[in-house]
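Letter by letter, the chains look like this.
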Amino acid sequence: MTEAEPGKHRGILLVISSPSGAGKTTLAHLLAEHEKLEFSVSYTTRAPRAGEREGADYKFVTDEEFARMVDRGEFAEWAVVHGHRYGTAVHTVNRALEDGKDYLFDIDYQGGAQIRRQWPDESVLVFILPPSMAELERRLRRRATDAPEAIDKRLAMATRELEHFGEYDYLVVNDNLETALKELTSICVAARCARSRRSHYGHSLLTEARQREPSGRPPSSQ
Ligand code: ADP
Ligand code: 5GP
């Protein structure tokens, strides 16, 4: 991120990715609540799972609607994941940047790369790793939200997804959920404290300090 103009604050685009089943959705929701982050609700062409709510988990659209949105340039990023299309609306990213709110994006590595390319200074990328591949499989099967063939497909994709961990700023191993959430929270807090995001405080404090100085600078103490 470039040095912020005095008084101007742009939100953080916090991207969380992982192989399916590593716990990214669980962690993303906990983090969003804990750190008061806005959750970016994606568009998808996949069918809702039991318990998923339109507009809260995803905006569920048909292939035709999604294609129309692509044609109209309404996505900041989009990708095909596990045979379905998923995308983040441009207006969601714009809102984060203009309102100065921090947004959380639960998106795959293709989406993460597109966000990083367009907003290298505002984006912070975190990859969630499972403690082992055996545990990843256990979690996917225990979750039981997908058909067995879909689970096999997700497991087969895990290697391809893991190959991209090197493109991320931070790696969090989701073994113990509480520890992983603590690490994610720390990343979020550290990102907010980065000099590039806090420099407007420094600028306004310096202005105030200079105004309070008696005319003529005192000699340096060194
Ligand atoms: P993803 O969004 O990465 O596909 P989910 O958040 O849906 O993964 O998690 C997959 C399954 O693993 C869910 O049933 C979830 O409750 C469980 N889970 C998540 N984190 C942990 C953890 N640290 N230990 C045990 N189970 C977990
Ligand atoms: P699921 O079907 O399990 O909800 O999500 C499957 C994958 O799609 C996950 O890796 C999730 O992070 C990713 N995903 C969800 N929304 C988006 C999005 O808007 N863009 C991209 N690129 N990936 C997404």
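Look up: the structure comes first, before these words.
Since the model is a prediction, treat every value here as computed from it, not as a measurement.

(A) Region of interest: the overall build of the protein chain. Summing up its helical and strand segments, the protein chain has 8 helices and 9 strands in all. Based on the C-alpha atoms only, the size of the protein chain along its principal axes is roughly 75 × 40 × 30 Å. For the protein chain, with 222 residues in total, the buried portion stands at 44%. Long-range pairs, those at least 24 residues apart, make up 68% of the contacts in the protein chain with a sequence separation of at least 6. Carbon and sulfur atoms make up 52% of the accessible area of the protein chain, which amounts to about 12,300 Å² in all. If you average the places of the 31 positive and of the 35 negative side-chain charges in the protein chain, the two averages end up 3 Å apart.

(B) Structural context of the site of ligand 1. In the vicinity of ligand 1, 14 residues are found, and the nearest of them are Gly21, Thr25, Thr26, Arg143 and Asn174. Here an oxygen atom of ligand 1 sits 3.0 Å away from a polar atom, N or O, in the main chain of Gly23. Contact distances for ligand 1 include 2.5 Å between an oxygen atom and a side-chain N or O atom of Thr26. The set of elements that each furnish at least two residues to the shell around ligand 1 consists of helix H1 (24-34) and helix H5 (133-143). In terms of residue count, the dominant contributor to the shell around ligand 1 is H1 (3 residues).

(C) View of the pattern of salt bridges. The tally for this structure, following the rule as stated, stands at 11 salt bridges. Of the charged contacts in the structure, one is a salt bridge between Arg192 and Glu35, with a shortest N-O distance of 2.8 Å. One end of the pair, Arg192, is in helix H7 (residues 177-193); the other, Glu35, is in the loop between H1 and strand S2 (38-39), with 157 residues separating them in the sequence. Residue Arg192 is classed as partly exposed on the basis of its relative accessible area of 22%. Residues Arg160 and Glu163 are paired through a salt bridge, measuring 2.8 Å at the closest nitrogen-oxygen approach. Three or more residues are tied together by salt bridges with common partners; here these are Glu35, Asp102 and Arg192.

(D) View of the pairing of strand S6 (residues 84-89). Inspection of the sheet shows strand S3 (residues 42-44) paired to S6 by 2 bridges, in the antiparallel sense. Each bridged residue has a counterpart across the sheet, and for Tyr43 the counterpart in S6 is Gly87. If you look at the hairpin formed by strand S5 (residues 75-81) and S6, you'll find 2 residues sitting between the two strands, and His82 has a positive phi there, around 50°.

(E) Representation of the pairing of strand S8 (residues 123-129). The element S8 is largely enclosed, with a buried count of 7 among its 7 residues. Across the two faces of S8 the burial is the same, with Ser123, Leu125, Phe127 and Leu129 and Val124, Val126 and Ile128 all buried. Direction of pairing for strand S1 (residues 13-17) relative to S8: parallel, over a ladder of 5 bridges. Pairing of Leu14 across the sheet is with Val124, part of S8. Taken together, the 4 bridges between S8 and strand S9 (residues 170-173) define a ladder with parallel strand orientation. Note that in S9 the partner of Val126 across the bridge is Tyr170.

(F) Just helix H8 (residues 195-212), in detail. With 18 residues, H8 should reach 26 Å at 1.5 Å per residue; the first-to-last C-alpha distance of 24 Å fits that figure. Of the residues making up H8, those classed as buried are Ser196, Arg197, Ser199 and His200. For H8, the elements touching its buried residues are S8 and H7.

Scoring rules and cut-offs
- Residues numbered from 1 in each chain as written.
- Chains lettered and ligands numbered in written order.
- Predicted model: local features only at pLDDT ≥ 70, side-chain atom pairs only at ≥ 80, totals over all residues.
- Heavy atoms only, no water.
- Helix = DSSP H or I, 4+ residues; strand = E, 2+ residues; numbered from the N terminus.
- Buried < 20%, exposed > 50% of the residue type's maximum accessible area, 1.4 Å probe, protein only.
- Contact = heavy atoms within 4.5 Å.
- Areas by Shrake-Rupley, 256 points an atom, 1.4 Å probe, with all protein chains shown as cover.
- Lys, Arg positive; Asp, Glu negative; His and termini not counted.
- Charge placed at Lys NZ, Arg CZ, Asp CG, Glu CD.
- Near = heavy atom within 4 Å.
- Polar contact = N/O pair within 3.5 Å; in protein donor to acceptor, adjacent residues only side chain to side chain.
- Salt bridge = Lys/Arg side-chain N within 4 Å of Asp/Glu carboxyl O.
- Pairing = 2+ DSSP bridges.
- Expected span 1.5 Å × (residues − 1).

Geometry only, nothing functional implied.
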